[in-house]
Amino acid sequence: MKRILTREPILAANDAAARAVRERLGAAGIFAVNLIGSPGSGKTTLLEATVGVLPGVRMGIIEGDLATDRDARRLAALGVPAVQLNTGSGCHLDAAMVLGALERLPLVELELLFIENVGNLVCPAAFDLGEAAKAVVLSVAEGEDKPEKYAPTFLRAQAVVVTKADLAPHVGVDPHRLAASARAINPALVSFVVSARSGEGLDDWRGWLAAKGVE
Ligand code: MG
Ligand code: ZN
């Protein structure tokens, strides 16, 4: 039986665009993080909190959503150059979209770029965006079984950020166990337990970014 190879040309084209993104970011000395997580996992709120704890870092943000520029406006309100990408019905960002968005950012002024992917724990992980690291954002309300159920995303990531730790008592999930369940899938993951509301864990998250040379 013949295999159907429809995905390969799409991914090959994506990889070419991802190489171009990586070259441009490398030339500009920018460390880029691709944030992947479900809708409502707290990606944008984590970015707002990150801006707050890295006041001296020249950060840019690319926001991916099916529709609206709400998230880019939230970050722009904090003084961060932010570009909104709308995918219509598309469930992930691809590298060509990111390459286009780079044209709208002041790259020479930046040292750190966050790319907030479309809210989705499945296919964003398959599309290299030219980032230096993928970070999965997973809120305590999502449950301890998610890393096992969505393993490919966790296997491709370098970090997992467990968000909304302040909600843990209300949802009956231990955020550190949730982090451990992600590390059980991928032992190489660096994990963080944070609350944007209380500030818990943001120092560790900032330290990881700083260790990447962005502070
Ligand atoms: Mg968002
Ligand atoms: Zn998709």
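Data block above holds the structure.
Caption draft 1: Representation of the coordination of the magnesium ion (ligand 1) within the structure. Bound to the magnesium ion (ligand 1) are the protein donor atoms Thr 44 (OG1), Asp 71 (OD) and Glu 116 (OE), situated 2.0 to 2.1 Å from the metal. The buried category is assigned to Thr 44, whose relative accessible area is 5%.

Caption draft 2: Representation of the sheet that holds strand E3 (residues 82-86). With parallel pairing, the seven strands of this open sheet are ordered in space as E3-E2-E4-E1-E5-E6-E7. Of all the strands in the sheet, the pair left with one neighbour each is E3 and strand E7 (190-193). The average undirected angle you get between the axes of adjacent strands in this sheet is 20°. As defined by bridge partners, strand E6 (residues 159-163) adjoins E7 across four bridges and the pair is classed as parallel. Its bridge partner being in E7, Val 160 is matched across the sheet by Ser 191.

Caption draft 3: Structural detail: helix H9 (residues 202-214). The terminal C-alpha atoms of H9 lie 15 Å apart, and with 13 residues this falls more than 12% below the ideal 18 Å at 1.5 Å per residue. For H9, every residue scored as buried is listed here: Leu 202, Trp 205, Trp 208, Leu 209 and Val 214. Viewed end-on, H9 has its buried residues packed into an arc of 125°, placing them on one side of the element. Pointing more than 90 degrees away from the buried face of H9 are the exposed residues Asp 203, Asp 204 and Ala 211.

Caption draft 4: Inspection of unusual backbone geometry at higher detail. In the Ramachandran plot, Thr 68 falls in the positive-phi region, its phi being about 80° despite a non-glycine side chain. Structurally, Thr 68 is set in the loop between strand E2 (59-65) and helix H3 (70-76). Phi is positive for Lys 164, close to 60°, though the residue is something other than glycine. Tracing the backbone shows Lys 164 in the loop between E6 and helix H7 (168-171). Under the relative-accessibility criterion, Lys 164 is labelled partly exposed at 29%.

Caption draft 5: Local environment of the side chain of Glu 131. Tracing the backbone through its elements, the reader meets Glu 131 in the loop between strand E4 (112-116) and strand E5 (133-139). Residues contacting Glu 131, with those up to four places away along its chain left out, are Arg 22, Ala 32, Val 33 and Asn 34.

Caption draft 6: A look at the packing of aromatic side chains. Tallied over the full model, the rule gives five aromatic pairs. Measuring from centroid to centroid gives 5.6 Å for Phe 192 and Trp 205, while their planes differ by 70°, and the two rings are edge-to-face. In this pair, Phe 192 is assigned in strand E7 and Trp 205 in helix H9, connecting sequence segments 13 residues apart. Exposure class is identical for Phe 192 and Trp 205. Each is buried.

Caption draft 7: Local environment of the packing of helix H2 (residues 43-53) against H9. Interaxial distance between H2 and H9 falls to 10 Å at its minimum, and their mutual angle equals 75°. By the criterion of interaxial angle, the relationship of H2 to H9 is roughly perpendicular. Between H2 and H9, the contacting residues are Leu 46, Ala 49, Thr 50 and Val 53 on the first element and Leu 202, Trp 205, Arg 206 and Leu 209 on the second. Its residues assigned to classes, the contact of H2 with H9 shows six nonpolar, one polar and one charged.

Caption draft 8: Focus on the pairing of E4. Of all five residues making up E4, five are buried, and the element is well covered by its neighbours. The alternating pattern of E4 places Leu 112, Phe 114 and Glu 116 on one face and Leu 113 and Ile 115 on the opposite face, and all of these are buried. Pairing between strand E1 (residues 31-37) and E4: five bridges, direction parallel. Across the sheet, Leu 35 pairs through a bridge with Glu 116, a residue of E4.

Scoring rules and cut-offs
- Residues numbered from 1 in each chain as written.
- Chains lettered and ligands numbered in written order.
- Predicted model: local features only at pLDDT ≥ 70, side-chain atom pairs only at ≥ 80, totals over all residues.
- Heavy atoms only, no water.
- Donors = N, O, S within 2.8 Å, 3.2 Å for Na, K, Ca; no water.
- Buried < 20%, exposed > 50% of the residue type's maximum accessible area, 1.4 Å probe, protein only.
- Pairing = 2+ DSSP bridges.
- Helix = DSSP H or I, 4+ residues; strand = E, 2+ residues; numbered from the N terminus.
- Axes fitted to C-alpha atoms, helices over the stretch in contact; angles between N-to-C directions.
- Expected span 1.5 Å × (residues − 1).
- Arc of directions from axis to C-beta.
- Contact = heavy atoms within 4.5 Å.
- Phe/Tyr/Trp six-rings, centres within 6.5 Å; stacked < 30°, edge-to-face > 60°.
- Parallel < 35°, antiparallel > 145°, perpendicular 65-115°, else oblique.
- Nonpolar A, V, L, I, M, F, W, Y, C, P; charged D, E, K, R; others polar.

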